[in-house]
Amino acid sequence: MIDPTNANLFAALRAAFPTDLDAIAVETDDGLYYSWRDLDRASAMIANLFEALGLKAGDRIAVQVEKSVEAMMLYLATLRAGYVFLPLNTAYREAEIEYFIGNAGPAVVVCSSANAGWVAPLATAAGTRHVFTLDDDRKGTLLEVAAQCSDQHKVAQKKPDDLAAILYTSGTTGRSKGAMLTHRNLQSNAEVLKDYWGWRPRADVLIHALPIFHVHGLFVAIHGALISGSQMIWLNRFDSKRVVARLPDATVFMGVPTLYVRMLAEPTLTREACNGMRLFISGSAPLLLETFEAWRERTGHTILERYGMSETAMLTSNPYSAVQGERRGGTVGFPLPGVQLRVRDDAGEPCLNGEIGHIQVAGPNVFAGYWRMPEKTKEEFTPDGYFKTGDVGKVDGRGYVTIVGRSKDLIISGGYNVYPAEIEGYINEMAGVAESALIGVPHPDFGEVGVAIVTPKPGAAVDGDAVIAELKARLANFKIPKRCFVVPELPRNTMGKVQKALLREQHKGLFKSAKA
Ligand code: MLC
Ligand code: AMP
């Protein structure tokens, strides 16, 4: 039973646990079984550990750990105890982590024991009081200390606008911004998706194969399963063979388009393998029509594509039930119930049906602003309270939304965002470099990947491979350009602006058939 006086998202998730707490909640692909009682007890113990540290409401708990069921329990414990969860991509390196920890000022940092040697000193230098480790083999100091704590815990009292999580998202200018998500944001979205996608309490089985430091794997997938009391089959890493092998045991799958492309390459992906499946959902990046069609052809299932962002969680979805309409490839469907979505031209005037413009959104799912960046927050909202997504699209006469591009200079590679401005900043500081442009180029596996075009200073020699090697030493691996070309100059328009569209056109065939 949901406690109407407590807006804590954990309370809503916990209320959906089955009465039989000994039923299986999560089965890992390597043969471990976790009951609902395990989730309840472990999240209580970790919550008690945090409370015993004397943390204050609103304190941030920054987490950079490999995916595991225990890492999910850590997330649940953070909600449960009323603190703010700050997940960090495991690929981030020193400079990136130093910035996030410095900016967010977490009271607690949890990292893998492999990284503790460099994460702990960064955290301590930034004033973090407590550093724990957590590994993907159920080891680490977090669990050792939590094991001493009581497994009884009263869910912390939260108001709807209290923060539940901060998700860092880069920008076209400046450093990354922490999108502040409230309990209301997350819970409203979870409830809407539960209905819209027809989650069947205690009857669905979700294959969870996404990372859990972004909206897709952390919120959409985990909340969806928990709030409908559904079981999960848990893979710590995506492996197309393993996912296809588990399809007969499951009913729902969620993935970024790259996962669908890779599964299609498996001969074992057949109609029979998908017989028990009810729903395949794709999002985080555009799903190519050819993937959408190939999937339908091979499996007999029509992928449901949806659209969302860190700042807003899910915004639109293709229909689940035929009564609402058909699932249309190349579109992201209709605005979800409660979401107001509109398209505006450059002057802020409404676009008529079918006209392309800037997508703006409002609703209970839209975030509370950027952490400690009131000015930036103000810039990203219209005077009447709509959030400017930075996506460019249109809405047709029947209400289907299509995303046709982005006004933000952003590359989405395998579902991860790469902001050219950040990478260019690093390249431009390298010896001998005059300037650079990072462009997104179509790629058969990752959808698109970054390619760097660099010009040397007069008289200097710059080596493209050396540029890549230097970036590798400093940045998360998915941000590294797959190629780097050195050219005498970058093409510019009459305003002096680098013509990235022209560069993209020139390099669009680079990875046509190759798997990089
Ligand atoms: C890995 N590599 C990538 C990459 N992932 N390169 C570009 N883009 C990516 N996404 C590179 C590595 O740098 C490495 O290169 C090589 O590929 C192998 O690395 P890996 O870690 O072994 O790769 P793999 O496990 O195969 O990972 C691929 C993947 C992963 C597709 C499974 O990228 C992934 O899980 N993507 C999902 C991201 C996601 O969940 N996004 C949701 C965001 S939420 P080298 O040269 O070092 O060998 C959001 C909102 C919304 O956007 O709407 O949902
Ligand atoms: P992030 O900042 O990582 O949350 O990424 C959000 C961005 O991913 C959105 O602003 C879109 O540009 C993109 N995105 C998410 N889902 C889709 C989709 N189905 N099709 C196209 N782009 C998408």
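Procedures and definitions
- Residues numbered from 1 in each chain as written.
- Chains lettered and ligands numbered in written order.
- Predicted model: local features only at pLDDT ≥ 70, side-chain atom pairs only at ≥ 80, totals over all residues.
- Heavy atoms only, no water.
- Domains from an automatic or database assignment.
- Contact = heavy atoms within 4.5 Å.
- Buried area = accessible area lost by both parts, 1.4 Å probe.
- Salt bridge = Lys/Arg side-chain N within 4 Å of Asp/Glu carboxyl O.
- Polar contact = N/O pair within 3.5 Å; in protein donor to acceptor, adjacent residues only side chain to side chain.
- Helix = DSSP H or I, 4+ residues; strand = E, 2+ residues; numbered from the N terminus.
- Buried < 20%, exposed > 50% of the residue type's maximum accessible area, 1.4 Å probe, protein only.
- Patch = residues over 30% accessible without salt bridge, like charges linked within 9 Å, V, L, I, M, F, W, Y side chains within 5 Å.
- Areas by Shrake-Rupley, 256 points an atom, 1.4 Å probe, with all protein chains shown as cover.
- Lys, Arg positive; Asp, Glu negative; His and termini not counted.
- Charge placed at Lys NZ, Arg CZ, Asp CG, Glu CD.
- Arc of directions from axis to C-beta.
- Core = buried A, V, L, I, M, F, W, Y, C linked by side-chain atoms within 4.5 Å.
- Axes fitted to C-alpha atoms, helices over the stretch in contact; angles between N-to-C directions.
- Parallel < 35°, antiparallel > 145°, perpendicular 65-115°, else oblique.
- Left-handed = near helix turned anticlockwise from the far one by under 90°.
- Nonpolar A, V, L, I, M, F, W, Y, C, P; charged D, E, K, R; others polar.
- Phe/Tyr/Trp six-rings, centres within 6.5 Å; stacked < 30°, edge-to-face > 60°.
- Lys NZ or Arg CZ within 6 Å of the ring centre and 35° of its normal.

**Focus: the domain arrangement of the protein chain**
By the assigned domains, the protein chain splits into domain 1 (9-237), domain 2 (304-405) and domain 3 (411-507). For domain 1 versus domain 2, the distance between C-alpha centres works out to 27 Å. Contact residues are listed per partner, giving 29 residues for domain 1 and 27 residues for domain 2. At the boundary of domain 1 with domain 2, total buried surface from both sides reaches about 2,400 Å², with 63% on carbon and sulfur atoms. Across the domain 1-domain 2 interface, the total number found is 0 salt bridges. The tally of links between domain 1 and domain 2 comes to 9 residue pairs in polar contact (both at pLDDT 80 or more). Per element, the largest residue contribution to the side of domain 1 that touches domain 2 is 7 residues, and it comes from helix H7 (residues 183-196).

**Overview of the side chain of Arg342**
Note that Arg342 resides in strand E16 (residues 340-344). A relative accessible area of 15% places Arg342 in the buried class. Of the polar contacts made by the side chain of Arg342, one reaches the side chain of Asp384; its length is 2.8 Å. Leave out the neighbours within four places in its chain, and Arg342 touches His358, Ile359, Gln360, Thr382, Asp384 and Tyr386.

**Observations concerning a negative patch on the surface**
The grouping of Asp345, Asp346, Glu349 and Glu355 at the surface amounts to a negative patch. Here Asp345 lies in the loop between E16 and strand E17 (357-362).

**Section: helix H11 (residues 289-299)**
Count 3.6 residues to each turn of an α-helix, and residues three or four apart come out pointing the same way. If you check which residues of H11 are buried, you get Thr291, Phe292, Trp295 and Thr299. In an axial view of H11, the angular spread of the buried residues amounts to 105°, which keeps them on one side of the axis. Those residues of H11 that are exposed and angled more than 90 degrees off the buried face are Glu290 and Glu297. Downstream of H11 by a residue or two, Gly300 has a phi angle that is positive, lying close to 80°.

**Concerning the nonpolar core**
If you look at the biggest cluster of nonpolar residues, it comprises 160 residues, and the most contacted ones within it are Leu39, Phe50, Val110, Trp197 and Phe253. Here Val110 is in contact with Ile61, Ala62, Val63, Gln64, Val65, Leu74, Phe132, Thr133, Leu134 and Leu142, once residues within four sequence places are set aside. In terms of nonpolar packing, the next biggest core, distinct from the first, is built from 9 residues, Ala437, Ile439, Leu490 and Phe511 among them.

**Regarding the packing of helix H4 (residues 94-104) against helix H5 (residues 116-125)**
Running from amino to carboxyl end, H4 crosses H5 at an angle of 30°, the nearest separation of the two axes being 10 Å. Our classification of the angle between H4 and H5 gives roughly parallel. H4 and H5 meet at a crossing whose hand is right-handed. Across the interface between the two elements, Glu94, Ile97, Glu98 and Ile101 of H4 pack against Trp118, Val119, Leu122 and Ala123 of H5. Here the residues of the contact of H4 with H5 sort into 6 nonpolar, no polar and 2 charged.

**Side note on the packing of aromatic side chains**
Inspection of the entire model under this criterion finds 20 aromatic pairs. Pairing Tyr260 with Trp295 gives two aromatic rings, centres 4.9 Å apart and planes at 85°, and the pair type is edge-to-face. Here the residue Tyr260 occupies a position in helix H10 (residues 257-264), and Trp295 occupies one in helix H11, the gap between them amounting to 35 residues. The class for Tyr260 is buried, based on a relative accessible area of 0%. Look at Trp295 and you get buried, because its relative accessible area is 0%. On the numbers, 5.0 Å between centres and 70° between planes, the contact of Phe280 with Trp295 is edge-to-face. Taken together, the residues span a long stretch of sequence, with Phe280 in strand E12 (residues 279-282) and Trp295 in helix H11 at a distance of 15 residues. Site record: aromatic cluster; members linked through ring pairs are Tyr92, Tyr99, Phe100 and Tyr168. In this structure, Lys67 is placed above the aromatic ring of Trp234, and the distance from its NZ or CZ to the ring centre is 4.7 Å. Cation over ring: Arg175 sits above Tyr99, and NZ or CZ is 4.3 Å from the ring centre.

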